[in-house]
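# Observations on chain architecture
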Amino acid sequence: MLKELKHAVLFTLVTMVLLGGGYHLVLWGVGRVAFPSQADGSLIRRADSTIVGSRLIAQKFTRPEYFHSRPSGVDYNAASTGGTNYGPSNPDHLKAVQERLDAVKASDSVQPNQVPSEMVTASGGGLDPHIPPAAAELQAARVATARGVPIDRVRELIRTHTESPTFGFLGRARVNVLDLNLAMDEALGKR
Amino acid sequence: MSTEYLAVGFTILFTIATSLVLGRYMFKVFAGQRTLLDPVLVPMERLVLRFIGVRPSHGAGRGDGASAAEAEYDQQDWKRYSLSLLISNVVMWLVTFTIVSLQRVLPMNPDGIANMEPTLAFNTISSFVTNTNLQHYSGETGLSYFSQMFVISFLQFVTAATGLAACIAVIRGLAGSRLTQLGNFYVDLTRATVRVFLPLALLVGVVLMWQGTPMTFEGAVTATTLEGNEQTIARGVVAPEVSIKQLGTNGGGYFGPNSTHPYENPTPLSNFVQTWSITIIPMSMVWTLGYMVRRRRLAVVVFATMLALYLPMVAFAVMQEAGGSPAIAAMGVDQSTGSMEGKEVRFGAGLSALWAVTTTATSNGSVNAMHDSLTPLGGLMPMVGMWLNNIFGGVGVGFINMLIFIIVAVFVAGMMIGRTPEFLGKKVEAKEMKLASLALLWHPLAILVGTAVACYIWATTADPGSALGWLKNPGPHGFSEMLYEFSSAAANNGSGFEGLGDNTPFWNIATGLVMLLSRYIPIIAPLALAGVLAAKPAAPETAGSLSADSPTFGFTLWAVIVILGLLMFLPVAVLGPIAEHLAR
């Protein structure tokens, strides 16, 4: 029995050092050397090295000159994330969807059948950095008007910022909202 | 939509193809045969074993044959093997419980996380020691980096290895004839940890970092967004944990929303690698069995039976989620991209549904979409996976569950044709059936009684001020939230209908106990069963024997699983998801 206890304690100690320590340090080292930007959280910095955000983490956009992210169940709080956890027939869920739909209808002057489902539903983690190309297209007119530029220039930027499914079939076509908005500011001037 | 079916099909086929390779590798590791990775990994294995004081009993040479290598170390019968397993797990429990209870004063806590409250710590540690990974805390606010590394990731390795070791021992018992010893627990545990999980976890971790999963010891950063708001972004030692959470069918995420979080699962490629990681070891285990009992045909029959349960569930769930939400369609919004509440654009409805079924069929429990927001019947599929708990199943334990169903199917088939039931040439008698029934019946007992008690407490103590109490959703869906929680705890799964306000003393203690019992009863009873079967002589098969490696037996096994599953769980399925579907 004492021998059993000794094995258990020593095994816990040695594997804790090996896996909790060594395994993490090896991957940390690989990250530092091979993927420093990703390992740090894919942060985007301004010229003065202040942080704009992460290209993987959705931001809250409300102004008309910016493309808006998908709705978030946690108001884009990247320190305490999550979904809404509403069931599909929950009255509160349907009320929230209706409110989002009304907001999009008003801001982009469109009919419900033009609104992609992604823009009225909250994402899983509350930080979905992408919108479908159709959702960017939907907002193009509003953004162009707010910035006072021809809509074709905005559409061109959407096109160059659309990512295809990996290998053509894994995942969905998508536009990174923060990337697109940064590109808008760069190409068309910050408002 | 058609490319989504292509992506689902490709992911499954790729995993099956690679499982053939890994299944052979795992057989070689546990049989003590040479493999390509030996020059690096064997010295590490020896180092660990020498440190803990498990030494070869005679001679230092490594035999080439299975029997020679196994005989190198002190052998244990089923009782000693089980005892070693239990004591090691108790020690791990105590050490890690102490760490999370003191994390405030321990190092590597840049975000100043507080100590864990006792009932939450009981639940969390029981959850991770049992390979369940049910989480009543949220990683970014509940655990320090030290706890994430030395408690969570550590347990995700060694508990998966515990399951794998137990499964290998059970299979040895079935394969042997007049055998009293099942192997050495610490040798199996060390081999599983160092030679199976460690290399795979390093590989997957590197791919995830390449795709964008962070790995940094620095704390959260504060960004000033384009619109001038402040956004605090939690980061941390994410990539190593996500890698082992998937490979070890653990499922406990670094962040609250698990692999829906763009840091845990940044791209469709990272999603592909993680979906692969969830099933690869459980699938490979079937081929390992085939090599160990020297019956490849039996492995094919079992694998096909599992696929015949898994594939229809995947197809059905993809259909349900791709079908969208009728209530949102009624508002005039196009649902052609499927039901997107709780899902991420980069994965879409199809790959989210595939993940939901895969993570519950295998007792993993990680999510890439919020299960609480799945369509009613789409959300039924993860529950079915947990109820059956044997379709590929958790690392080791899922396969043990399947062996229990095989014993039951052998018994039923034997009764039907009027012959003595036997499996691998060994008679299945009353004692074995009692042990198999114990392992089998504990599962519905824990789920159904647990849910009933929760419903009673909810109904009798609900605060009149908040009609829903700890539920986020009304009606049948609220019932499903409680049912899902106990199913997840009993299946050692760990996913949840996360709308349930589960960080309360009742839920922490009740699910903590269910997780502990549902881990060790279905491991110890089969080890005993293997011990009993191992001691029996294997009779040569004759024309009159029931052959377990035939398609007929595969179908019988499939039917036994489906019928028992329906008998145990159809009533609750009707009360929850099916009622919700019909009422919508």
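Residues numbered from 1 in each chain as written. Chains lettered and ligands numbered in written order. Predicted model: local features only at pLDDT ≥ 70, side-chain atom pairs only at ≥ 80, totals over all residues.

## Focus: the overall build of chain A
Definition in use: Starting at the N terminus, helices and strands are each numbered in turn, a helix being any DSSP run of H or I of at least four residues and a strand any DSSP run of E of at least two. Atoms counted for the radius of gyration: C-alpha only. Globule rule: 2.2 Å times residue count to the power 0.38. We call two residues in contact if the C-beta atoms placed from their backbones are at most 7 Å apart.
If you tally the helices and strands in chain A, you get six helices and five strands. Reading chain A from its N end, one meets helices and strands in the order α-α-β-β-α-β-α-α-β-β-α. The globule rule puts the C-alpha radius of gyration for 191 residues at 16 Å, and the 22 Å found for chain A is more than 25% above it. If you line up chain A on its principal axes, its C-alpha atoms span 75 × 45 × 35 Å. For chain A, the proportion of contacts with a sequence separation of at least 24, taken over those separated by at least 6, is 52%.

## Observations regarding the interface of chain B and chain A
Rules: Asp, Glu, Lys and Arg are counted as charged, while Ala, Val, Leu, Ile, Met, Phe, Trp, Tyr, Cys and Pro are counted as nonpolar; the rest, among them Gly, fall into the polar class.
In this assembly, 101 residues from chain B lie in contact with 88 residues from chain A. Per-element tally for the side of chain B that touches chain A: the top contributor is helix 8 (residues 185-211) of chain B, with nine residues. Within the side of chain B that touches chain A, the residues separate by chemical class into 54 nonpolar, 34 polar and 13 charged.

## Details of the nonpolar core
All names here are of chain B. In plain terms, the rule: A set of buried Ala, Val, Leu, Ile, Met, Phe, Trp, Tyr and Cys residues, joined through C-beta atoms within 7 Å, is what we mean by a nonpolar core. Once C-beta atoms are placed from the backbone, each residue is buried if 20 or more other C-beta atoms lie within 10 Å of its own, exposed if 12 or fewer, and partly exposed for counts between those two.
The biggest cluster of nonpolar side chains holds 224 residues, and the ones touching the most others in it are C167, V170, F197, I407, L527 and A530. No other element matches the 21 residues that helix 7 (residues 145-175) contributes to this core. Residues in contact with L527, not counting those within four places in the same chain, are W78, Y81, S82, A166, A169 and V170.

## Topic: the domain arrangement of chain B
Interface size is commonly expressed as the accessible surface area that is lost when the partners come together. Residues and elements named next belong to chain B. For the record, the criterion: Throughout the structure description, domain borders are defined by an automatic or database domain assignment.
Looking at chain B, the domain boundaries give domain 1 (17-221 + 231-295) and domain 2 (297-309 + 394-583). Relative placement of domain 1 and domain 2: their C-alpha centres are 23 Å apart. Between domain 1 and domain 2, the contact holds 47 residues from the first and 46 residues from the second. Among the secondary structure elements, those contributing two or more residues to the side of domain 1 that touches domain 2 are helix 4 (78-101), helix 5 (118-129), helix 7 and helix 10 (268-292). Looking at the side of domain 1 that touches domain 2 element by element, the count peaks at nine residues for helix 7. Looking at side-chain class alone, the side of domain 1 that touches domain 2 contains 23 nonpolar, 21 polar and three charged residues.

## Things to note about helix 15 (residues 397-417) of chain B
All names here are of chain B. Let me state the cut-off plainly: By this rule, a helix spans an expected 1.5 Å times one less than how many residues it contains.
Here helix 15 contains 21 residues, and its C-alpha end-to-end distance of 30 Å stays within 8% of the 30 Å for a straight helix at 1.5 Å per residue. Within helix 15, 15 of the 21 residues are buried, which leaves it mostly tucked inside the rest of the structure. Just past helix 15, the residue G418 takes up positive phi, approximately 70°.

## A closer look at the sheet that holds strand 4 (residues 162-163) of chain A
Each strand in a sheet pairs with its neighbour through backbone hydrogen bonds, running either in the same direction (parallel) or in the opposite one (antiparallel). Residues and elements named next belong to chain A. Quick note on the threshold: Pairing between two strands is assigned when DSSP locates at least 2 bridges connecting them.
What the three strands build is an open sheet, ordered 3-5-4; its pairing is antiparallel. The open sheet has two free edges, formed respectively by strand 3 (130-131) and strand 4, since each of these has just one partner strand. Where strand 3 meets strand 5 (residues 174-176), two bridges bridge the pair, whose relative direction is antiparallel. Bridging from a neighbouring strand, I131 pairs with V175 of strand 5.

## Quick notes on the domain arrangement of chain A
Split by domain assignment, chain A resolves into domain 1 (2-37) and domain 2 (54-188). With centres defined by C-alpha atoms, the gap from domain 1 of chain A to domain 2 of chain A works out at 41 Å.

## Some thoughts on the confidence of the model for chain B
Residue and element names in this part refer to chain B. Rule in force here: Think of pLDDT as the predictor's per-residue confidence, scored from 0 to 100.
Mean pLDDT for chain B: 92, with 96% of residues reaching 70 or above. Residue range residues 59-70 is modelled with pLDDT below 50. Its contacts to residues more than four positions away, or to other chains, number 13 contacts. Across the predicted assembly, pTM comes out at 0.95 and ipTM at 0.96.

## A closer look at the pairing of strand 1 (residues 221-224) of chain B
All names here are of chain B. Of the strand pairs in this sheet, strand 1 and strand 2 (residues 230-233) are connected by four bridges, and their pairing is antiparallel. What sits directly across from V221, in strand 2, is I233. If you look at the hairpin formed by strand 1 and strand 2, you'll find five residues sitting between the two strands, and G228 has a positive phi there, around 90°.

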